[in-house]
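Structure at a glance
Here are the chains, one letter per residue:
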Amino acid sequence: MNVFNESRRRFLMQTGLGIVGVSALPTLAHAMNGMGMGMGGSHNQHSDEMMMQKITPNKASPNFHPDVEFDLFCKPAAIPILDGSKTNLLQYSAHLIKGPKDTITNLPNSFLGDIIRLHKGQKVRIHLHNGLSQPTVTHWHGLHVPQIMDGHPMYSIDPGETLVYEFEVLNRASLNIYHPHQHGVTGKQVYFGLAGAIIVNDDEEAKLDLPAGEFEIPLVIQDKQFDRDNQFIYSTMMHSKMTGFVGDKILINGHPNFSLDVASRAYRLRVVNASTSRIYKLAWDDQMPVTVIGVDGGLLEQPEVKPYVMLAPGERLDIWADFSGRNEGTELTLKSLPFAGVLPKMGMRMHSGMIPVGSEYPICTIRVTKKVSETHKLPMQLSKFKHYEISDTANPNNPIPIGISEKPMSMLLNGSPYEFNKPLAFERVKVNSIQQIEIFHAHGEGGMKMDHDTKPNIHNQHDGGDEMKRGGMGGGMMDLSMAHPIHLHGQQFQIVSRSFSGDSTAYDTVREGFIDSGLKDVVLVMPMERVKIIKPFQDFKGLFVYHCHNLEHEDMGMMREYSVE
Ligand code: C2O
Ligand code: CU
Ligand code: CU
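Quick summary incoming for the structure in this document. (Residues numbered from 1 in each chain as written. Chains lettered and ligands numbered in written order. Predicted model: local features only at pLDDT ≥ 70, side-chain atom pairs only at ≥ 80, totals over all residues. Heavy atoms only, no water.)

1. Things to note about the coordination of the copper ion (ligand 2)
Rules: Note that water is not among the atoms considered, so a metal site may appear incomplete; the donors listed are N, O and S atoms within 2.8 Å of the metal, with 3.2 Å applied to Na, K and Ca. Here a helix means four or more residues in a row that DSSP labels H or I, a strand means two or more in a row labelled E, and each is numbered from the N terminus. In this scheme, a residue with accessible area under 20% of its type's maximum is buried, one over 50% is exposed, and one in between is partly exposed, where area comes from a 1.4 Å probe on protein chains only.
Donor atoms from the polypeptide that bind the copper ion (ligand 2) are His139 (NE2) and His487 (NE2), placed at 1.9 Å. Residue His139 is found in strand 6 (residues 138-141), and its partner His487 is found in strand 27 (residues 484-488); the two are separated by 348 residues along the sequence. Residue His139 is classed as buried on the basis of its relative accessible area of 1%. Look at His487 and you get buried, because its relative accessible area is 1%.

2. Re the sheet that holds strand 9 (residues 196-201)
Quick note on the threshold: Whether two strands pair depends on DSSP finding at least two bridges between them.
Pairing within the open sheet is mixed, and its five strands lie in the order 3-4-9-8-6. Whereas interior strands pair on both sides, the edge strands pair on one side only; in this sheet they are strand 3 (104-105) and strand 6. Sheet topology note: the strand 3/strand 4 (residues 115-119) ladder contains two bridges and is antiparallel. By the bridge assignment for strand 4, Thr105 is matched with Ile115.

3. Focus on the environment of Asp516
Note the threshold: What makes two residues a contact is simply this: any of their non-hydrogen atoms within 4.5 Å.
Tracing the backbone through its elements, the reader meets Asp516 in the loop between strand 28 (494-500) and strand 29 (522-525). As for Asp516 and Ile495, which are separated by 21 residues in sequence, their C-alpha atoms are 5.7 Å apart. Not counting the four nearest positions on each side in its chain, Asp516 is found in contact with Glu304, Ile495 and Arg498.

4. A closer look at the sheet that holds strand 5 (residues 123-130)
Which entries qualify depends on this criterion: Every axis in this analysis is a line fitted to C-alpha atoms, fitted for helices over the stretch in contact. Angles between the N-to-C directions lie between 0 and 180 degrees.
The mixed open sheet is built from four strands, whose spatial order is 2-1-5-7. Edge positions in the open sheet fall to strand 2 (87-98) and strand 7 (162-168), since each of these has one partner strand only. With direction set aside, neighbouring strand axes in the sheet form an average angle of 20 degrees. Judged from the seven bridges that link them, strand 5 and strand 7 form a sheet pairing that is antiparallel. By the bridge assignment for strand 7, His127 is matched with Val164.

5. Some thoughts on the pairing of strand 9
The side chains of a regular strand alternate, residue by residue, between the two faces of the sheet. Burial runs high along strand 9: six of the six residues are buried. Going residue by residue along strand 9, you find Gly196, Ile198 and Val200 tucked away on one face and Ala197, Ile199 and Asn201 tucked away on the opposite face as well. Where strand 4 lies against strand 9, four bridges are found, and the strand directions are parallel. Residue pairing in the sheet places Ile116 in a bridge with Ile198 of strand 9.

6. A closer look at the nonpolar core
Test applied: By convention a nonpolar core is built from buried Ala, Val, Leu, Ile, Met, Phe, Trp, Tyr and Cys residues, the set being connected through side-chain atoms within 4.5 Å.
Counting residues in hydrophobic clusters, the biggest one holds 63 residues, and the most contacted among them are Phe70, Leu72, Trp140, Tyr165 and Phe167. When residues in this core are grouped by element, the largest group, six residues, is from strand 1 (residues 68-79). With residues up to four places along the chain from it excluded, the contact list for Trp140 reads Leu72, Ile126, Met149, Asp150, Tyr165, Phe167, Ile177, Tyr178 and Ile198. Residues Phe426, Phe514, Cys548 and Tyr562 belong to the second largest nonpolar core, which totals 49 residues.

7. Regarding the coordination of the copper ion (ligand 3)
Of the protein atoms, only His484 (ND1), Cys548 (SG) and His553 (ND1) coordinate the copper ion (ligand 3), at distances of 2.0 to 2.1 Å. Mapping the donors of the copper ion (ligand 3) onto the primary sequence yields the spacing H-x63-C-x4-H. Placement of His484 in strand 27 and of His553 in helix 9 (residues 551-556) is noted, with a sequence separation of 69 residues between them. His553 shares its class with His484; the two are buried.

8. What about the pattern of salt bridges?
Spelled out, the test is: Salt bridges are counted wherever a side-chain nitrogen of Lys or Arg sits within 4 Å of a carboxyl oxygen of Asp or Glu.
Under the defined criterion, the tally for this structure stands at 26 salt bridges. A salt bridge links Arg530 to Glu438; its shortest N-O distance comes to 3.0 Å. With Arg530 in strand 30 (residues 529-537) and Glu438 in strand 26 (residues 433-441), this pair connects stretches of sequence that are 92 residues apart. One connected set of salt bridges, linked through shared partners, spans Arg117, Glu205, Glu216, Arg268, Arg270 and Asp318.

Dropping the structure here:
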């Protein structure tokens, strides 16, 4: 790739999360002071170590005429979240330079990034200013943009630098996320506050006259741990990496104990799971079913009515919540219901903290404070989008594999940790092709499906197995299989099938909660489950990552990339 400047070769980042990382875990202070540049120590044995050359940050192009232009700052801030001391964190804030006034909406008193509202077809220019003391880069999760606008970790900028993004909004109406994608510290940067919502609107959606304005409510769900001085705790202990870090307080839009006052009418709830690893099973506490009108890639064709809905990190839900007919003073709770099977058994024990994953707890309270007669009817036909058949794909008989392998300290895809610009044979994809992809659990080398490529699995010889034994967790075979929310950059995909084999006792607690009829960019893959998807790779050549959106897994190297050629 000749975009690289040979003379400015440098180590841009190292994950440092292997064996060495366990005993020399970076503290936050470290991270804030430029993690990735100074881990030191011997990391030669790490195959996920990456050498990337510094790329001069992209500048505004004189030939690009934006309809919308804004600055996006990321910087340290101190925001009150709990009573008492403010919490030190990192924050995005946006300032409009050009475009409609409603492009940027401030979430009142929240540390979350401003809500950005775009329209399909708009040309957008964003100036990302790195006000952190470490490198970062921002990814527009869900948006279909060229490689150099996608926030690939290779475009990371140093403190004080500015990166210009220019793209046209090709997506249909949908709810997307912007968040950092700094390799090795994505989880940490998101956890410390860097995340925000991007809403895309289009004409198809506008015709539906869905609840809007004060009746369209974003609900960004996160979990955090606080110390006694109200500061965020982000543990990088081994088990937090393996299963993912979970907090003991649920925040909605940056607030604990969130409650919402509503009128007795229909609302549109735009829900994002921006937690680093926690999976939710959302349901109303009064037996009202959950009516879903959209997912990651926008509106469904028809609404789906479910007893509960699963929401994994990175996933979005568009929920139709009709409170009509309720009396003033009624309260109801959006909860996470009990479920099993997403964590390894060992992980379950370790997460027996305040709110274990899969336990029952409230997410937010809704209070009906105003009785109104006005009702909005749920449209039965919401949208139309292109459906692909397996026969439309370039590889009807040999799906591209995404093999999940789970070993202590080594959660991987296709047997390899992230390697920059080293696609396996089956990771090279023709531009403008439609591909069938199959995601499955490949336990150990034996189970690894390698019919397209014969790359030997040499990466796991020192994967921490000895460490585990020393840690007293016993040798032998450990069943580390767990659920992984797999995310693919670029265009949204269709879920063609899920197949499950084995004892379904745990699976039965979640299986009703998947919405597979819409366009997706994250799919939760349960243990013992195989998921087939169809994904278009249109318009843009280049490197596009796919990874687990359990951000601790992503940072461990559970990421690969497609080279679209
Ligand atoms: Cu939301 Cu590659 O990420
Ligand atoms: Cu993404
Ligand atoms: Cu994972």
